[in-house]
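Reading the structure
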Amino acid sequence: MNNSTENPFFRYANHTIDQNDIQAVVNVLKSDFLTQGKLLTDFEGLVCDYIGARYAIATNSATSALHLACLALEVGKGDLVWTSPISFVASANCALYCGANIDFVDINYNTALISVDLLSKKLERAKKNNTLPKLIIVVHLAGSSCDMHDIYKLSIEYGFKVIEDASHAIGGSYKNQKVGTCKYSDITIFSFHPVKIITTGEGGMAVTNNADLAKKIRNLRGHGIVRNGFELEPPGPWYYEMQSLGYNYRITEIQCALGISQLKKIDSFVKLRNELIDNYIKLFSEIENISIVKAPKNVYSSYHLAIIHIHDIDVEQHKNLFKFIRSENIFVQLHYWPIHLNPYYRKLGFKQGQFPFSEKYATSSFSIPLYPTLTNKDQDYIVTVIKYCLSKIL
Ligand SMILES: *Cc1c(COP(=O)(O)O)cnc(C)c1O
């Protein structure tokens, strides 16, 4: 618009840290334990209480939690895992870490979530070809839960396991129950990366109601080492025993302190995000070519992202609009370029044209700024700039 140096700069996401968060971290730094202390179990317990799930295992990232969740479900060589192409690469990479093969199920364009209809058809075909998946990782994109009830029904019919990649969705609900209750899944994963709903700097968590899965994940988080329940006669009092090949996926006390402090604010963060989305919906109702992607019915979204669909534009116009908005210091971002179109996945045999709804989504959508400290005035400005940029590219 005008080239005044006073143009504000907006990112698509921002963490929200207050003095209590800072003090919580400082307190840990002055304490005796920087890792593997009481705050870890406190943080895990508080998330369990908040969600209404039985077990929680905090890790150094959601990627680590996804990896351990796959291992706990005994995903390995020769197994097939399905996920959505519209996700962060970690949703698919975790299966590859375990030596499994990956395939994708296309999305419903309107919700950008896995299409249960297409899933059901793909399962029918897979059953005939004897290529049923062992596990499906569903992704609650932007904080909106997938249709877990119908996915659960399919999991019973076809005998696959379900992980919910709820990296975006802590604080959201499905059919009036918090995402993470695992009523319709085996394990749910959360991310605490700074762009997500609440943050620990880096961090993640697996939640489950299954004691055996929880035990496996907890064990693999710490090198596969146990301190009781030995297989061998202890050779001495120093003894601990490595029973499986685990990892160091531990989270620090510093991070857990931040997580505990952030968790206190989660409902207010999610409420603010919903209010901001309502305001965006109102503001975009005056722009014919743009609409905000809304949560499906039965879903209270945590709205990690404000995604816009731009109607009736071609691939070039989408690119130009994106560039133009960024040049106005509004740092929009695409969530996500389809996983199967990355070079690594193309080398595995995936091709352009395989998941047309995902590809259409990726060339007609992107995320605009959304975070709790965004104001209605900021939103007015952002929408005005987008409207101006749109008028220039059409
Ligand atoms: C952020 C994210 C991850 C990975 O989270 P990290 O904590 O950064 O490892 C996985 N899946 C989705 C959908 C994400 O958005």
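Up top is the structure.
This write-up is about the structure you can find in this document. (Residues numbered from 1 in each chain as written. Predicted model: local features only at pLDDT ≥ 70, side-chain atom pairs only at ≥ 80, totals over all residues. Heavy atoms only, no water.)

Examining the site of the ligand
As a structural note, the neighbourhood of the ligand is formed by 14 residues, with T63, D165, H168, S191 and K196 the closest of them. Take H168: an N or O atom from its side chain is 2.6 Å from an oxygen atom of the ligand. Here an oxygen atom of the ligand and a side-chain polar atom of K196 are 3.0 Å apart. Protein contacts shield 93% of the accessible area of the ligand, which totals 380 Å² for the unbound molecule. The cavity that encloses the ligand is the second largest pocket. Sorting the residues of the shell around the ligand by element identifies α3 (62–72) and α4 (90–97) as the ones contributing at least two each. Its residues assigned to classes, the shell around the ligand comprises four nonpolar, eight polar and two charged. (Near = heavy atom within 4 Å. Polar contact = N/O pair within 3.5 Å; in protein donor to acceptor, adjacent residues only side chain to side chain. Areas by Shrake-Rupley, 256 points an atom, 1.4 Å probe, with all protein chains shown as cover. 1 Å grid on protein atoms, 1.4 Å probe; cavity = no way out; pocket = protein on both sides within 12 Å on 5 of 7 lines; lining within 4 Å. Sits in = over half its atoms within 2 Å of the grid points. Helix = DSSP H or I, 4+ residues; strand = E, 2+ residues; numbered from the N terminus. Nonpolar A, V, L, I, M, F, W, Y, C, P; charged D, E, K, R; others polar.)

Some thoughts on the packing of helix α9 (residues 266–284) against helix α13 (residues 376–393)
At their nearest, the axes of α9 and α13 sit 10 Å apart, and the two run at 35 degrees to each other. Considering the relative orientation of α9 and α13, their crossing is right-handed. Seen from α9, the contacting residues are L276, N279, Y280, L283 and F284; seen from α13, they are N376, Q379, D380, I382, V383 and I386. Residue composition of the contact of α9 with α13, grouped by class: seven nonpolar, three polar and one charged. (Axes fitted to C-alpha atoms, helices over the stretch in contact; angles between N-to-C directions. Left-handed = near helix turned anticlockwise from the far one by under 90°. Contact = heavy atoms within 4.5 Å.)

A look at the pattern of salt bridges
Scanning the entire structure with this criterion turns up twelve salt bridges. If you follow the salt bridges from partner to partner, you end up with D18, D21 and K265 in one network. (Salt bridge = Lys/Arg side-chain N within 4 Å of Asp/Glu carboxyl O.)

Quick word on the environment of D212
With respect to the helices and strands, the residue D212 is situated in helix α7 (residues 211–221). On a C-alpha basis, the gap between D212 and G259 in space is 25 Å, while along the polypeptide they are 47 residues apart.

Geometric descriptors of this kind do not, in isolation, establish any biological role.
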